[in-house]
Amino acid sequence: MLTVTNEQIQLKMQKRNFHRLLLSLCTSRRLRAFKRWMKSEGIECSDTLEFTDCPEQEISVRALCDLKEGDVVAKIPKAACLTIKTSGAREMIESAGLDGPLGLSVALMYEKSLGQDSPWAGYLQLLRRQECLPLVWTLRELDSLLCGTELHKIDEYHGFGMVPLADLFNHKTGAEDVHFTSVCSNQEYDNDADSDNSDNNKLSKISVQDKKALGAASNGENSYIHSDSEYSSSFGDDPMMLQMIMVREVKSGVEVFNTYGSLGNAALLHRYGFTEPNNPFDIVNIDLELVLKWGFSLFSNRYCRAKLSLWRRLDFSGCVSENSEYFEISSDGEPQRELLTLLYIMLLPEDACHKLDINICTADKVGECIGMMLSEKHNIKWDGSSEISKELLLTEKVCNALLALADIRESCYGSKTIDEDMEALKRCCMKERKLYHSLVLRISERKILEKLRTFATIGAQTFQTAKKTFTRKIFKRRKVT
């Protein structure tokens, strides 16, 4: 039997501690180099912020004192941002007709190739040599790790500029502390009484009018420079500064978060190389082709195509991306109304379909035909101005169809069950980034399918209850008569 002495254990611990010390010294050195570079480029960063650089984790930003809403914690000249126009490779990139993410990628590669001669050397040395983006995974990794997920067929990603300092703030979905925005470089700000005592801690305070506008903007998608937003056009020649402004209070010692937008895990992994557990913006898509596959298992090809044509004549359609049409299942498991309507029409008896077909030919507004039919069937008033209630579409057959579609979509993930994926995630460590984030994505999507099954089951039970109630009313009416 192999035995390990106390001396060997101590030696191993000493080596590990020495390795950590070296890493700590290296990370501290690169942060100091980055701060010197920021100063040389005119980037102003509030003394209230602290950068932490753990060897095994990402760089994060923490508050050294309490931060208030409206505090401007950073100012970044646009000239310090790495874009196609500011890169030394601008002429080459533009002459090749490259733009958007591809052009920015070429600019980044060119600047990194210059090493210390690049104007962004102090910034680029903070970046990983390679991000965990599925775009650069091997086909084998894509097929084995992302099978069945919304990323298994990868399309274009978006991004137009890299902003030093701003991209050190970690992302938090729907709960950002700081907002990224653009203002004129000579804009003046109203300082309140508190700012007189904290000039060294806060760069400035925004005016009341700006604060109102900022509050309205922060309710939507944050205009982080990597996203498609109005601020992605701010890299022009106009005299503008980029700013990081607090949109909520943060206590001392707490990490300060930015957001890259209201994105689900598929988009986060695709664009930025990470995921978030329990992401409220996760979705699962069910392709129209998958719905037709279910239909072909029950009806003839001609029957399904005819019902699909009738659905389209009623002015319905799914979401469209490139050559694909699909339906979204939200994070709470609720399907799109358009999917429920398609299933409802595909399961209608022929006489009801014929009547609906006639109504289309005579109706002033085609989109109201299905609503009128449902209102007559359920004996309710409907003025045509509101959307069709999903509950009216949830017949027992439609709910069973949803259960079948959930199973078909689930089969796309392969033979492993969601429980096996969850066990694999427990055993996985953050160092195995590709495996970890692909498991988080798979599990989050499969949980949505579980919620879809719950939605369908409850819908079927509700329909049965309503049906029994309606039957009892009819029976009592006949008995009285």
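Conventions used here
Residues numbered from 1 in each chain as written. Predicted model: local features only at pLDDT ≥ 70, side-chain atom pairs only at ≥ 80, totals over all residues. Heavy atoms only, no water. UniProt positions renumbered as here; feature names shortened; annotations may be inferred. Phe/Tyr/Trp six-rings, centres within 6.5 Å; stacked < 30°, edge-to-face > 60°. Buried < 20%, exposed > 50% of the residue type's maximum accessible area, 1.4 Å probe, protein only. Helix = DSSP H or I, 4+ residues; strand = E, 2+ residues; numbered from the N terminus. Polar contact = N/O pair within 3.5 Å; in protein donor to acceptor, adjacent residues only side chain to side chain. Pairing = 2+ DSSP bridges. Core = buried A, V, L, I, M, F, W, Y, C linked by side-chain atoms within 4.5 Å. Contact = heavy atoms within 4.5 Å.

Under the annotation held in an unreviewed UniProt entry, the protein carries the name N-lysine methyltransferase and is attributed to Durio zibethinus. Among the UniProt annotations of the protein, the heading Function (unreviewed entry) holds the following wording: "Protein-lysine N-methyltransferase." Word for word, the UniProt comment on the protein under Sequence similarities (unreviewed entry) is "Belongs to the class V-like SAM-binding methyltransferase superfamily. Histone-lysine methyltransferase family. SETD6 subfamily."

(A) Summary view of the packing of aromatic side chains. This model, assessed by the stated rule, comprises eight aromatic pairs. Here Trp 311 and Phe 316 contribute two aromatic rings whose centre-to-centre distance is 6.4 Å and whose plane-to-plane angle is 10°, an arrangement assigned as stacked. Of the two residues examined, Trp 311 and Phe 316, each falls in the buried class. The rings of Phe 34, Trp 37, Phe 51 and Tyr 123 are connected pair by pair, giving a single aromatic cluster.

(B) Looking closely at the side chain of Asn 279. Within the secondary structure layout, Asn 279 lies in the loop between α7 (265-272) and β8 (284-287). At 2.9 Å, the side chain of Asn 279 forms a polar contact with the backbone nitrogen of Phe 281.

(C) Focus on the pairing of strand β10 (residues 324-329). Pairing of β8 with β10 involves four bridges; the strand directions are antiparallel. Its bridge partner lying in β10, Val 284 is registered against Ile 329. Where strand β9 (residues 319-321) meets β10, three bridges bridge the pair, whose relative direction is antiparallel. Directly across from Cys 319, in β10, lies its bridge partner Tyr 326. Counting the residues that bridge the hairpin from β9 to β10 gives two residues, and of these Glu 322 lies at a positive phi of roughly 55°.

(D) Up close: unusual backbone geometry. Phi at Asn 278 is positive, roughly 55°, even though this residue is not glycine. Within the secondary structure, Asn 278 sits in the loop between α7 and β8. Here Asn 278 falls in the exposed class, since its relative accessible area comes to 69%. Its identity is not glycine, yet Asp 315 carries a phi of approximately 70°, on the positive side. Secondary-structure assignment places Asp 315 in the loop between α9 (301-313) and β9. On the basis of relative accessible area, Asp 315 is assigned to the exposed category, the value being 61%.

(E) Structural detail: the nonpolar core. Counting residues in hydrophobic clusters, the biggest one holds 46 residues, and the most contacted among them are Val 291, Trp 294, Leu 339, Leu 342, Leu 343, Leu 402 and Leu 405. Looking at this core element by element, the count peaks at seven residues for helix α10 (residues 337-346). Excluding anything up to four places from it in sequence, Leu 343 contacts Val 291, Trp 294, Val 398, Ala 401, Leu 402 and Leu 405. Core analysis: the second largest hydrophobic core is formed by 35 residues, Met 38, Ala 80, Leu 104 and Ala 166 among them.

(F) Looking closely at the environment of Glu 41. Tracing the backbone shows Glu 41 in the loop between α1 (6-40) and β1 (44-45). On the basis of relative accessibility, which here comes to 30%, the residue Glu 41 falls in the partly exposed class. For the pair Glu 41 and Ala 79, spaced 38 residues apart in the sequence, the C-alpha separation amounts to 8.3 Å. For Glu 41, the contacting residues outside a window of four places in its chain are Pro 77, Ala 80 and Pro 119.

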